[in-house]
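# Coordinates in review
Residue-level listing of the chains:
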Amino acid sequence: NSLGLPTHTVFQGQLEPVKWLFQSYFVNNVGDGEADNITRANVPYDGGTITVIVPRRNNGPLVEIDGTFGLSVQYIGWGPTKELAAFRKINTARNLEQFVEALQDFDVGSQNFIYADVEGNIGYFTSGEMPLRADLQNDMAPDGGVPPYLIRDGSGTLNHEWLLADGPLEGQTSPYQILPYEEMPQAVNPESGYLANANNDPVGTTLDNNPLNQVRPGGGLYYLNPGYSSDRMGRIDRELQKLVAEGGVTLDDMAVLQSNNQLLDAEILTPFITAAFANATAEGAWPGIAQFALDPRLPDAATRLAGWDFSTPTGIPEGYDPFDDAASLPDPDTAEIDASVAASIFAAWRGQMIRNSVDATLSAIGLGDFLPGSQEALRAVTYLLTDFEQNQGVGASGIPFFNVPGENPPPTPADARDFVILASLLGALDLLASDEFAPAFGGSSDLEDYRWGKLHRIVFDHPLGVDPFNVPNGGGLSDLGEGLPGVARSGGRGAVDASSHSARADGLNEFMFGSGPARRFIASMTPDGPDGEEVIPGGRSGVFLSPHYADQLPLWLTNEYHALTIGADAANQTEVGSFRFVPTQP
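Before going into details, it helps to say that this report is about the structure given with it. (Residues numbered from 1 in each chain as written. Predicted model: local features only at pLDDT ≥ 70, side-chain atom pairs only at ≥ 80, totals over all residues. Heavy atoms only, no water.)

### Focus: the sheet that holds strand β15 (residues 529-535)
An order of β14-β15-β16 is seen for the three strands of this open sheet, with the pairing classed as antiparallel. Pairing within the sheet leaves two strands with one partner each, and these edge strands are β14 (520-526) and β16 (562-563). Note: β15 against β16, two bridges, orientation antiparallel. The residue bridging glutamate 533 from the neighbouring strand is alanine 563, located in β16. (Pairing = 2+ DSSP bridges. Helix = DSSP H or I, 4+ residues; strand = E, 2+ residues; numbered from the N terminus.)

Here it is in structure tokens:
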């Protein structure tokens, strides 16, 4: 049309009108001396004042237009949903049956709900309306080989549509067929005596690395998600099993569990590093790996990794570690320093190992622009190592991923594996001693200097993104040092105390983390209500000059808690200030 905007989409050769949603933007004229001087912004039609809505896509928007092609988003949340009603019902539920009934109104967003009551019942439920796809339901396979977690065909050429519902299920709001409640992941009073979840696969649909081969009871593929996190849950489940076997779980046990910073992937992969070094020093070792034994740093690194408990303390006096006194941080002891050094070496090795196996191999065959994500790449390396006896370093594609070009005599698959492992370890040590890492380690080749807290740092970013609103350098905390933004803290990729970074990290500031528990909470459920403790990473006030802007952060950084206040009477007894908002009269 004359505005240059689309008027129709094409589905199976038929034109279907789109809708235009007009939006206005207003800005305050800063600096003119007049408060709240608001004027309409002059944003053109093609600059964002019109959103193009596609009715067929549950009234979802076109997010990109390129000539005659567009990309739209279909999402349950574009239609009417009833989450507020769900929470109202949850807050007044008196038993498990009423709680489950309330969840039927939680329509959009897959959330994990944990239930406990005074009768001793516990339950786990996932929420959300999960749409059924025509090809997965009727054809038992993704049409055209395009799974639902990739961009799918919207023209009707392929059978990628959400199925329309003949009649809504109880509590359903969307007009599409959805997975019935009874098929959503859930558990009540499990035999184990406990429930745990850490964004892991709740029912095991991805355990065989194929999320599209489970069958629904009534037919069709049972699809939830292409992948999940697993490391944190692996550690949590192991620790809970041990506690249950020893007689039960206390609040102190849960606080310690929430502070756990041991890396499960390190526990799995470190033995391959130490075994590779042992092979390199064995009599008759292949020359390609025997050379690594000549570098004095490698035996030191292998020894440190062999004695590591996979924990990740900061190892520096300025670092925040579990249950430190935040007001007077202690010096690290020898065990903490040793674990800290091992954590730095392993984290640097992990990134080099991915680059020297998965990334290098795929780049060599022209796929350098299509490398898998960090988590997928690490999963591939883990599979290649843990199943080496079967796969000999060859992926499902038939491509070998442990490659040593130009060596004579040629290595066996095991020698090639060990070569890549040890070359990655040497590369990691070179990296830590490099000029780029000099702000942390001063160019040192002494492994004792590689303290994890110099790398594993966090900045609590304010939406404005500038100091002093950021913490640090606001909130009473300062950057660790020149070129080292943030505060040093224990943790790492896949730790229970969430503090992950990219598995490919190989830069000075790439081992930092930017998110973690938005709220830590532990409680004992009693007939009189929860007896609990909590902490948030900041404070109750968003006003920078308030004493409560970041007053809980020291507790959060050291895995401490404060008492949870529940109810108006308790809140009134402990309040430090209050605001009353009263509507103005017309």
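### Structural notes on the packing of helix α9 (residues 334-364) against helix α12 (residues 413-432)
Running from amino to carboxyl end, α9 crosses α12 at an angle of 125 degrees, the nearest separation of the two axes being 8 Å. Here α12 runs oblique to α9, going by the angle between their axes. Helix-helix and strand crossings are classified by hand; for α9 and α12 the assignment is right-handed. Residues Ser344, Ile345, Ala348, Trp349, Gln352, Met353, Asn356 and Ser357 of α9 lie in contact with α12, whose contacting residues are Val420, Ile421, Ala423, Ser424, Leu425, Gly427, Ala428, Leu429, Leu431 and Leu432. Counted by class, the contact of α9 with α12 contains twelve nonpolar, six polar and no charged residues. (Axes fitted to C-alpha atoms, helices over the stretch in contact; angles between N-to-C directions. Parallel < 35°, antiparallel > 145°, perpendicular 65-115°, else oblique. Left-handed = near helix turned anticlockwise from the far one by under 90°. Contact = heavy atoms within 4.5 Å. Nonpolar A, V, L, I, M, F, W, Y, C, P; charged D, E, K, R; others polar.)

### Remarks on the pattern of salt bridges
One pass over the structure, following the stated rule, counts 25 salt bridges. Taking the shortest distance from any N to any O, the salt bridge between arginine 216 and glutamate 183 comes out at 2.9 Å. Of this pair, arginine 216 sits in the loop between β11 (186-188) and α4 (231-245) while glutamate 183 sits in the loop between α3 (134-139) and β11, placing them 33 residues apart in sequence. We note that arginine 216, like glutamate 183, is buried. Between arginine 504 and aspartate 359 there is a salt bridge, with its nearest N and O atoms 2.8 Å apart. A residue pair is termed long-range when its members are at least 10 positions apart, and arginine 504 in the loop between β13 (487-488) and β14 and aspartate 359 in helix α9 qualify at 145 residues. Since its relative accessible area comes to 13%, arginine 504 is described here as buried. Residue aspartate 359 is classed as buried on the basis of its relative accessible area of 6%. Residues participating in the shared-partner salt-bridge network are Glu16, Arg56, Arg57 and Glu161. (Salt bridge = Lys/Arg side-chain N within 4 Å of Asp/Glu carboxyl O. Buried < 20%, exposed > 50% of the residue type's maximum accessible area, 1.4 Å probe, protein only.)

### Things to note about the pairing of strand β10 (residues 122-126)
Counted residue by residue, β10 has four buried out of five residues, so it is predominantly covered. Pairing of strand β9 (residues 112-116) with β10, which is carried by five bridges, proceeds in the antiparallel orientation. Along β10, the bridge assignment pairs tyrosine 115 with glycine 123. Once β9 ends, the chain turns through five residues before running back antiparallel as β10, passing glycine 120 with a positive phi of about 95 degrees. The pairing of β10 with β11 spans three bridges and is classified as antiparallel. Bridge assignment links tyrosine 124 to a residue of β11, and that residue is alanine 187.

By themselves, these figures tell us nothing about what the structure is for.
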